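Structural overview
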Amino acid sequence: MYEKDFLKQLFHKIYTIRIFETECIKLYRQGLIRGYFHPYVGEEATAVGVCSALAEDDYIISTHRGHGHCIARGAQIDRMVAELLGKKTGYCSGLGGSMHIADVQAGNLGANGIVGGGIPIGVGAALGISIRKEKKVVAIFFSDGAANNGVFAESLNLAAIWNLPAIFLLENNHYAVSTPIEQSSRNQNLYERATGYGVHALAVDGNNVIEVFEQTKDARQMCIKGKGPVLIEAKTYRHGGHHVNDPGAYMPKDRLDYFKSKDPVTIAKKHLKEQGKMSESEIEKIEKEVETTMERAIDFAKESPELSFAEFNQMVMGY
Amino acid sequence: MTVKTKTKSSESDSSKRMLLYREALNEALKEEMKRDSTVFLMGEGIAERGGSYKVTVDLLKEFGPERVIDTPIAEASFVGAGVGAAITGMRPVVEILFIDFTLLTLDQVINQAAKYNFMTGGIGKVPLVLRTQGGVGNGLAAQHSQSLEAIFYHIPGLRVVMPSSPYDAKGLLKTAIRADDPVVFIEHKLLYMNEGHVPQDDYTIDFGKADIKRTGSDVTLVAWSNMVPKSLAAAEKLAQQGIDVEVVDPRTLNPLDKKTILDSVRKTEHVVIVQEAIRRGGIASDIASIIQQQAFDYLDAPIEIVAGINTPIPFNLNLEKLSVPQVNDIIEAVKRVL
Ligand SMILES: Cc1ncc(C[n+]2csc(CCOP(=O)(O)OP(=O)(O)O)c2C)c(N)n1
Ligand SMILES: [Mg+2]
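Just so we're clear, the structure is a prediction, and the values are computed from it rather than from any experiment. (Residues numbered from 1 in each chain as written. Chains lettered and ligands numbered in written order. Predicted model: local features only at pLDDT ≥ 70, side-chain atom pairs only at ≥ 80, totals over all residues. Heavy atoms only, no water.)

Residue and element names in this part refer to chain B. Relative to the helices and strands, Gln-133 is located in strand 5 (residues 129–134). At 2.7 Å, the side chain of Gln-133 forms a polar contact with the backbone oxygen of Leu-97. In contact with Gln-133, other than residues within four places in its own chain, are Tyr-53, Ile-96, Leu-97, Phe-98, Ile-99, Glu-187, His-188, Lys-189 and Tyr-192. (Helix = DSSP H or I, 4+ residues; strand = E, 2+ residues; numbered from the N terminus. Polar contact = N/O pair within 3.5 Å; in protein donor to acceptor, adjacent residues only side chain to side chain. Contact = heavy atoms within 4.5 Å.)

Below you can see the structure in the form of structure tokens.
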């Protein structure tokens, strides 16, 4: 059984990601956010389950679909909205944007515009931990598409031969843009690839935050004991297209409906009611609070200044 | 206005058939695939989806999944597979969505494809086209906005092609497909929706032949890719101030048509080179060194280079704009040399 406060925390985070994404999509449609925007809607339980099992000084490394990882790791959403609006008060001073959002101080080493680009970097962070003999781990987020890139195989093998404290978090949302995994992998149980490298691996329901949390907690323990790495394949699904401008028409309706019926928000709410004995009105209070925080975050971002050309120039002077 | 007669009429006459840049590329692919059954396409999301910039739309329907192949995200390996298919009798056209991702393929492109003909004593041929796309867009940030042509320009054994108009795009892509050398064919994300005259017939454009996009007598602007429309816009504004600008588009950077550039410089005695890429180690510097060595006596002023600031491209739109050459930067540079 879980403490009410803990379940509340999980729901709070999941709902924050959901509201952050849906509100920012509105800002995108209004032309206030530009460039690429890859929503995490539908996958929230994976980031929250993983990050809730990590210690404060562990690391995560993220992907182009990175807003959820960032929030789950404890970022302030006002500074995140500011980054998406290209403002100076954003996590990367408005220079990075959605695809490069990072919160280095919180141990979030950053999103990535290059699919698979973060995987070896995560291994390197784990290598440092191992050399310094620290009791920390790195959670390396990536999706099914990245698992088909050479860096995945090479990185997994490096982590294996060096027994690194790395948790490979394969978020299998079944698509790389419009390419379904049936077209990119003969074996759709992607975790089985790790077994060939001698790495302990398993699959979980990526929409069930408790399941993800439990498996990550165990994986973390293994890593701390020097029995890493571990690969966890979280099976999940996007609720829409690849990015905001992709309607996702190629996603079969029955599959989408199935995963929507297992909405991470609904599942987390259910945990809260059944195990946490929370009433509907108490839950509504949490929701309201999240929505208000988001409204304030948007106001903060809109009112924030942009980095001036002089400041920018100063920064890149010696590049 | 003088502009109408100054700018090449074959490309601006609206009574002729007009196509978008992306449609011109699509037509070149279609015609070459019809003409030669060894031509096939590989890339991410190019089949059913028709590519992110819609260059390969409907080709799956016409040529089937054996010749229009969707790949997983495995750039180093599918480009390598392109090299292997090319040296054994096929003519692959491999698409890498963003030039930024070609960096994952550089062993196959630079160590393998570029050197194969040389290392086999001139016997092995690599008729591979690597189609890719670069430059800034609208807030695509540091890893999706780079201008990396200088990397490929630096490598012996590669051809580097950068079309600026729909007409050039079609003719040059057809030449690229028929060439026996590996060709890096670099499109620009802001050009895909530009319209221009494209003949229906089967024409090709020779590599190493620059095009004078606008004739003029006071100053030569050398520009390629998306800097061509910007240079033409600058030229129009300068014309209103009585300054007559010639715009030379090399179209292919390797081979480079030195003669057309030098002839223009000898005529105008003033030159500005415009590139979107950052200045350091760029192609503009190399062209400048060629001009100063071979036309030094003709120059009335030091050569000006307008280039990107030496920085990764910022996400913030205003800073993005200030990082790469704009029409006004070109106008100011022209005024500095005159
Ligand atoms: C090396 C590289 N190749 C291609 C792309 C273009 N691209 C961006 S996201 C994406 C799909 C990624 O799929 P996946 O790894 O499954 O992540 P998901 O979008 O499902 O989260 C592609 C092909 C890229 N950014 N980097
Ligand atoms: Mg995926």
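Before going further, it helps to examine the domain arrangement of chain B. All names here are of chain B. The domain architecture assigned to chain B consists of domain 1 (18–197) and domain 2 (211–337). Inter-centroid distance (C-alpha atoms) of domain 1 to domain 2 is 26 Å. At the junction of the two partners, domain 1 supplies 28 residues and domain 2 supplies 25 residues. Surface buried jointly by domain 1 and domain 2 totals about 2200 Å² across both partners, of which 56% is contributed by carbon and sulfur atoms. (Domains from an automatic or database assignment. Buried area = accessible area lost by both parts, 1.4 Å probe.)

In this section: the packing of helix 4 (residues 77–84) of chain A against helix 12 (residues 280–303) of chain A. All names here are of chain A. Running from N to C, helix 4 and helix 12 cross one another at 45°; their axes reach a closest spacing of 8 Å. With respect to helix 12, the axis of helix 4 lies oblique. Like other packed secondary-structure pairs, helix 4 and helix 12 cross with a definite hand, here right-handed. Here helix 4 contributes Ile-77, Asp-78, Arg-79, Val-81 and Ala-82 to the contact with helix 12, which in turn contributes Thr-293, Met-294, Ala-297, Ile-298, Phe-300 and Ala-301. A breakdown of the residues in the contact of helix 4 with helix 12 according to their chemical character gives eight nonpolar, one polar and two charged. (Axes fitted to C-alpha atoms, helices over the stretch in contact; angles between N-to-C directions. Parallel < 35°, antiparallel > 145°, perpendicular 65-115°, else oblique. Left-handed = near helix turned anticlockwise from the far one by under 90°. Nonpolar A, V, L, I, M, F, W, Y, C, P; charged D, E, K, R; others polar.)

Quick look at the interface of chain A and chain B now. A common way to report how large an interface is uses the accessible area buried once the components associate. Counting from both sides, the interface comprises 33 residues of chain A and, opposite them, 31 residues of chain B. Around 2500 Å² of area is buried between chain A and chain B when both sides are counted, 63% of it from carbon and sulfur atoms. If you look at where chain A meets chain B, you find zero salt bridges. At the surface where chain A touches chain B, the tally comes to 12 residue pairs in polar contact (both at pLDDT 80 or more). Those elements that provide at least two residues to the side of chain A that touches chain B are helix 4, helix 7 (181–184) and helix 13 (309–316) of chain A. The element contributing the most residues to the side of chain A that touches chain B is helix 13 of chain A, with three residues. (Salt bridge = Lys/Arg side-chain N within 4 Å of Asp/Glu carboxyl O.)

What follows covers the sheet that holds strand 13 (residues 271–278) of chain B. The strands making up a sheet are joined through hydrogen bonds of the backbone, oriented either antiparallel or parallel. Residue and element names in this part refer to chain B. Pairing within the open sheet is mixed, and its five strands lie in the order 9-11-10-13-14. Where the open sheet ends on each side, the last strands, each with one partner, are strand 9 (211–214) and strand 14 (304–308). Within this sheet the neighbouring strands show an average axis-to-axis angle of 25°, counted without direction. As paired strands, strand 10 (residues 219–223) and strand 13 are joined by four bridges and run parallel to one another. Bridge pairing links Leu-221 to Val-272 in strand 13. Here helix 9 (residues 227–240) sits on the sheet and contacts strand 9, strand 10, strand 11 (245–249) and strand 13; the angle it forms with strand 11, its principal contact strand, is near 170°. Contacting strand 10, strand 13 and strand 14, helix 13 (residues 327–337) crosses the sheet at an angle of about 160° to strand 14. (Pairing = 2+ DSSP bridges.)

Inspection of the entire model under this criterion finds 39 salt bridges over all chains. Residue A:Glu287 pairs with A:Lys269 through a salt bridge whose shortest N-O separation is 3.1 Å. Of this pair, A:Glu287 sits in helix 12 while A:Lys269 sits in helix 11 (residues 264–274), placing them 18 residues apart in sequence. Among the ionic pairs, B:Asp211 bridges to B:Lys213, the shortest N-O distance being 2.7 Å. Of the two residues, B:Asp211 and B:Lys213, neither departs from the other in class, the shared state being buried. If you follow the salt bridges from partner to partner, you end up with B:Arg17, B:Glu27, B:Glu31, B:Glu32, B:Arg35, B:Lys170, B:Lys174, B:Arg178 and B:Asp202 in one network. (Buried < 20%, exposed > 50% of the residue type's maximum accessible area, 1.4 Å probe, protein only.)

Residues and elements named next belong to chain A. Taken together, Ser-143 (OG), Asp-144 (OD), Asn-173 (OD1) and Tyr-175 (O) make up the full set of protein donors to the magnesium ion (ligand 2), lying 2.1 to 2.3 Å away. For the magnesium ion (ligand 2), the six donor atoms in the first shell make angles of 74 to 178° at the metal, a pattern classed as octahedral. Each donor residue of the magnesium ion (ligand 2) belongs to the same chain, and together they define the spacing S-D-x28-N-x1-Y. Per residue, the accessibility class of Asn-173 equals that of Tyr-175, and both read buried. (Donors = N, O, S within 2.8 Å, 3.2 Å for Na, K, Ca; no water. Tetrahedral: all angles 85-135°; square planar, octahedral: opposite > 155°, others 65-115°.)

Further remarks concern the confidence of the model for chain B. All names here are of chain B. Per-residue pLDDT for chain B has a mean of 96; in total, 96% of the residues score no lower than 70. Note on residues 1–5: pLDDT under 50 across the span, and five contacts to partners over four residues away in sequence or across chains. Reported for the predicted complex are a pTM of 0.97 and an ipTM of 0.96. (pLDDT = per-residue confidence, 0-100.)

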